[in-house]
Amino acid sequence: MNVPATVAFSGLLPLVVEEVVDEGEWVSVQARSPGGPAECPGCGAESARVHGYHQRTVTDVPLDGRPVVVRVRVRRLVCATVNCRSTFREQVPGVLERYQRRTARLTGQVRSVVRELLDCSRRLGLSLNTVKRYARVPEPNRLRRPPQYRACLVDAYRDHLRARRAAEPGVPVLRLFAEITELGYTGGLNLLYKYINQGRLDGDRITPSPRRVTRWLLTRPANLLDGLRAHLDELSAACPEMTALAERVREFAQLMTERRGSDIDRWIKQVREAGLVELEPFLTGLDQDHDAVIAGLTLPYSSGPTEGVWGSPKAG
Ligand SMILES: [Zn+2]
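Everything quoted here is computed from the prediction, not taken from an experiment. (Residues numbered from 1 in each chain as written. Predicted model: local features only at pLDDT ≥ 70, side-chain atom pairs only at ≥ 80, totals over all residues.)

## Describing the overall build of the protein chain
Our working rule: Secondary structure elements follow DSSP: runs of H or I no shorter than four residues count as helices, runs of E no shorter than two count as strands, and numbering proceeds from the N terminus. For the exposure call, what matters is how many other C-beta atoms sit within 10 Å of a residue's own: 20 or more marks it buried, 12 or fewer exposed, and in between partly exposed, using C-beta atoms placed from the backbone. C-beta atoms are first placed from the backbone for all residues, and any pair lying within 7 Å is then listed as a contact.
For the protein chain, the count of helices and strands is 11 helices and 7 strands. Out of the 316 residues in the protein chain, the part that is buried amounts to 26%. Pairs at least 24 apart in sequence give 65% of the contacts found in the protein chain among residues at least 6 apart.

Encoded structure:
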């Protein structure tokens, strides 16, 4: 292993790492809790009296692309309070979470990837909506132009705001305000309210130019996924379900770019069979507009500035 154990596993603090063994396909870490008193969940008194030990096995973030399995010796303590005498397992907050088989930081990484994927699928959904709109309009150029807004201090934080609202739809505007202020936003709260009320965060209300649409459709999904790929590859080693999730999303990007609308049903079936609940909201959207989606993904653009962008049509 190239990385010194103290550096590689510093994220496991305050656990004490006792041994790191290179097992070839994976890395095993033996660790223990740091000792010291812990709070009795029964009466709240602190106790350091050891009643026994037990071992928890959790998966940590991969190292050199290999899964890391951490075995932690955790104490069972006994409360010293006369009327309590409870025995309880000590917790290691921030590292081990109750009932989790992953370390807190691995759980965090998985969640962030799922969020990115969801955001990605929302963008794909947005693209599909746009395709459907174009499929209904004989000449894309006749689409109503979007309202023109002047550039605004909020613009620079639009992506952040959209991602946040996508991940947490009920997020209060005040919190968003605090977040973008932290990021450098110098405008006021009223401006942010106005921006949101004008629907400027909801990209779907704005009718983009055909050129922008084709760019979304043809490059955006793939690009988004490229950005995720390294992260996913790394995590796939630790979490098998990530492999399936990554694979399905890649396939979807392919369906999009190769206009294989007729393959959508097979794809939906695979996602459902794999039990990828994270993608369910996206599937529901596809179900609702099923025929239009297929038509949109199969329909060649024949006029306007989009001509030729698709490249040579593939059979299917
Ligand atoms: Zn107690």
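The rest of the description comes next.
## Comments concerning the nonpolar core
Heads up, the condition is: Buried Ala, Val, Leu, Ile, Met, Phe, Trp, Tyr and Cys residues whose C-beta atoms connect them within 7 Å together make up a nonpolar core.
Grouped together as the largest cluster of nonpolar side chains are 17 residues, with contacts concentrated most on Leu12, Leu15, Val29, Ala31, Val68, Val70 and Val72. Elements that contribute at least two residues to this core include exactly β2 (27-32), β5 (50-63) and β6 (66-78). Setting aside its immediate chain neighbours within four residues, Leu15 contacts Ala31, Arg32, Ser33, Pro34, Val72, Val92 and Val95.

## Details of the environment of Gly11
Note that Gly11 resides in the loop between α1 (5-8) and β1 (16-22). Here Gly11 falls in the partly exposed class, since 15 other C-beta atoms lie within 10 Å of it. Sequence separation of Gly11 and Ala104 is 93 residues, and the distance between their C-alpha atoms is 9.7 Å.

## Some thoughts on the packing of helix α4 (residues 173-183) against helix α5 (residues 189-197)
As a reminder, the rule being used: As a rule, the C-alpha atoms of each element are fitted with a line to give its axis, helices using only the stretch in contact, and angles between N-to-C directions run from 0 to 180 degrees. By convention, the crossing between two helices is left-handed when the near helix turns anticlockwise from the far helix through less than a right angle, and right-handed when the turn is clockwise. Note on residue categories: nonpolar means Ala, Val, Leu, Ile, Met, Phe, Trp, Tyr, Cys or Pro, charged means Asp, Glu, Lys or Arg, and polar means any other residue, Gly included.
Running from N to C, α4 and α5 cross one another at 120°; their axes reach a closest spacing of 10 Å. Along this stretch, α4 crosses α5, giving a crossing that reads as right-handed. Facing α4, whose interface residues are Val173, Leu176 and Phe177, α5 presents Leu189, Leu192, Tyr193 and Ile196. Class assignment of the residues belonging to the contact of α4 with α5 gives a composition of 7 nonpolar, no polar and no charged.

## Topic: the packing of helix α3 (residues 158-167) against α4
α4 packs onto α3 with a crossing angle of 145° between their chain directions and a minimal axis gap of 11 Å. For the pair α3 and α4, the sense of crossing is right-handed. For the pair α3 and α4, the contacting residues are His160, Leu161 and Arg164 in the first and Leu176, Ile180 and Leu183 in the second.

## Here we look at the pairing of β6
Threshold: Here, any two strands with at least 2 DSSP bridges between them count as paired.
Direction of pairing for β2 relative to β6: parallel, over a ladder of 6 bridges. Note that in β6 the partner of Ser28 across the bridge is Val69. Strand direction decides the pairing type here: β5 and β6, joined by 11 bridges, are antiparallel. By the bridge assignment for β6, Asp60 is matched with Val68.

## Structural notes on the confidence of the model for the protein chain
In plain terms, the rule: In predicted models, pLDDT denotes the confidence assigned by the predictor to each residue on a 0 to 100 scale.
Across the protein chain, pLDDT averages 72, with 57% of residues at or above 70. Looking over the protein chain, one finds the lowest element-wise mean pLDDT in helix α6 (residues 210-218), namely 44, and the highest in strand β4 (residues 46-47), namely 94. For the stretch residues 204-220, pLDDT sits under 50, and the model shows 28 contacts to residues farther than four places along the chain or on other chains. In the model, residues 299-316 has pLDDT below 50 throughout and makes 24 contacts with residues more than four positions away in sequence or in other chains.

## What about the pairing of β2?
A one-sided burial pattern is seen for β2, the buried positions being Val27, Val29 and Ala31 and the unburied ones Ser28, Gln30 and Arg32. In textbook terms, the turn of a hairpin is the stretch between consecutive antiparallel strands, and for β1 and β2 this stretch comprises 4 residues, one of which, Gly24, has a positive phi near 85°.

## Examining α4
The periodicity of an α-helix, 3.6 residues per turn, causes residues three or four positions apart to be oriented the same way. Note the threshold: Relevant arc is that of directions from the helix axis to the C-beta atoms, nothing else.
Among all positions of α4, only Leu176, Phe177 and Ile180 are buried. Angularly, the buried residues of α4 cover 105° about the axis, an arc narrow enough to put them on a single face. What points out from α4, more than 90 degrees from its buried face, is the exposed set Leu174, Arg175 and Glu182. Where α4 is buried, its residues meet α3 and α5. Looking one or two places after α4, you find Gly184, whose phi comes out positive at around 120°.

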